[in-house]
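Notes for the structure review
Read off the chains here:
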Amino acid sequence: MQGVSANLLVAILAAMLIIAATGDLRSRRIPNWLTLSIAVTAIPFWWMSGLSWADVATQIGIATGVFVFFAILFHVGMMGGGDVKLLAALGLWLPLGSVVKLLVIMAIAGGVLTLGFLARHRLAKHEGKPEIPYGVAIAFAGMWLIGERFLYQFG
């Protein structure tokens, strides 16, 4: 029963990632209530997944490390604040190896997304720099990992 309940929470996470991507694409904002919901939902996921207190401390450490690293990128103007919070919230869900995989997939997807937005921006002859909805790349990477979880579980 624990596996089914944990999978339900992962499905809820997937839905929240879709909401984050859609909202970021529309308004270039990821609401705080959404990132907080993703973070808080990790707590019952830990319990249903059977994580020990040491494992929980590790998850909190991973999320903190992700937050600090990307907060520095935010500080120098390379990342949006909502993106930083979304990544930290996802860090509560994933073991370190999966966080690294998330970041690699996010970087590749973000690069493709950026190239697409730059091309669109230039073709439309807009002034200034385009705003890239990086939450889309983050959500894509998260969905990729969720897909792997279910493919490996049932494959």
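Up top is the structure.
This report concerns the structure included in the present document. (Residues numbered from 1 in each chain as written. Predicted model: local features only at pLDDT ≥ 70, side-chain atom pairs only at ≥ 80, totals over all residues. Heavy atoms only, no water.)

Attention shifts here to the packing of helix 2 (residues 32-49) against helix 4 (residues 81-91). Running from amino to carboxyl end, helix 2 crosses helix 4 at an angle of 15°, the nearest separation of the two axes being 8 Å. Relative to helix 4, the element helix 2 lies roughly parallel. Seen along the crossing, helix 2 lies across helix 4 with a hand that is left-handed. For the pair helix 2 and helix 4, the contacting residues are N32, T35, I38 and A39 in the first and G82, K85, L86, A89 and L90 in the second. (Axes fitted to C-alpha atoms, helices over the stretch in contact; angles between N-to-C directions. Helix = DSSP H or I, 4+ residues; strand = E, 2+ residues; numbered from the N terminus. Parallel < 35°, antiparallel > 145°, perpendicular 65-115°, else oblique. Left-handed = near helix turned anticlockwise from the far one by under 90°. Contact = heavy atoms within 4.5 Å.)

This part covers the pattern of salt bridges. Here the idea is simple: oppositely charged side chains can pair when their charged atoms come close. Taken as a whole and assessed by the stated rule, the structure comprises one salt bridge. One salt bridge in this structure joins E148 and K101, with 2.9 Å as the shortest N-O distance. A residue pair is termed long-range when its members are at least 10 positions apart, and E148 in helix 6 (residues 134-154) and K101 in helix 5 (residues 96-123) qualify at 47 residues. Given the relative accessible area of 35%, K101 is considered partly exposed. (Salt bridge = Lys/Arg side-chain N within 4 Å of Asp/Glu carboxyl O. Buried < 20%, exposed > 50% of the residue type's maximum accessible area, 1.4 Å probe, protein only.)

Grouped burial of nonpolar side chains is what soluble globular proteins tend to show. Counting 44 residues, the largest nonpolar core has I38 and W93 as the members making the most contacts within it. No other element matches helix 1 (residues 2-27), which puts nine residues into this core. Apart from the residues within four sequence positions on either side, W93 is in contact with L9, V10, L13, I38, T41, A42, F45 and Q59. (Core = buried A, V, L, I, M, F, W, Y, C linked by side-chain atoms within 4.5 Å.)

This paragraph deals with helix 5. For helix 5, with 28 residues, the first-to-last C-alpha span of 40 Å sits near the 40 Å given by 1.5 Å per residue. All buried positions along helix 5 are accounted for by V99, L102, I105, M106, A109, G110, L113, F117 and H121. After helix 5 finishes, the residue K125 shows a positive phi value of roughly 60°. (Expected span 1.5 Å × (residues − 1).)

Judged by side-chain polarity, L96, V100, V104, I108 and V112 come together as a nonpolar surface patch covering roughly 480 Å² of accessible area. Look at V112 and you get exposed, because its relative accessible area is 57%. (Patch = residues over 30% accessible without salt bridge, like charges linked within 9 Å, V, L, I, M, F, W, Y side chains within 5 Å. Areas by Shrake-Rupley, 256 points an atom, 1.4 Å probe, with all protein chains shown as cover.)

Now for the packing of helix 3 (residues 53-75) against helix 4. The description of two helices packed together rests on the angle between their axes and the distance between the axes. One way to put it is that helix 3 packs onto helix 4 with a least axis distance of 7 Å and a crossing angle of 165°. It follows that helix 3 is roughly antiparallel to helix 4 by the angle criterion. Viewed along their axes, helix 3 and helix 4 form a crossing whose handedness is right-handed. Each of Q59, I62, A63, V66, F67, F70, A71 and F74 in helix 3 lies in contact with helix 4, whose residues at this interface are G81, V84, K85, L87, A88 and G91. For the contact of helix 3 with helix 4, a count of residues per class yields ten nonpolar, three polar and one charged. (Nonpolar A, V, L, I, M, F, W, Y, C, P; charged D, E, K, R; others polar.)

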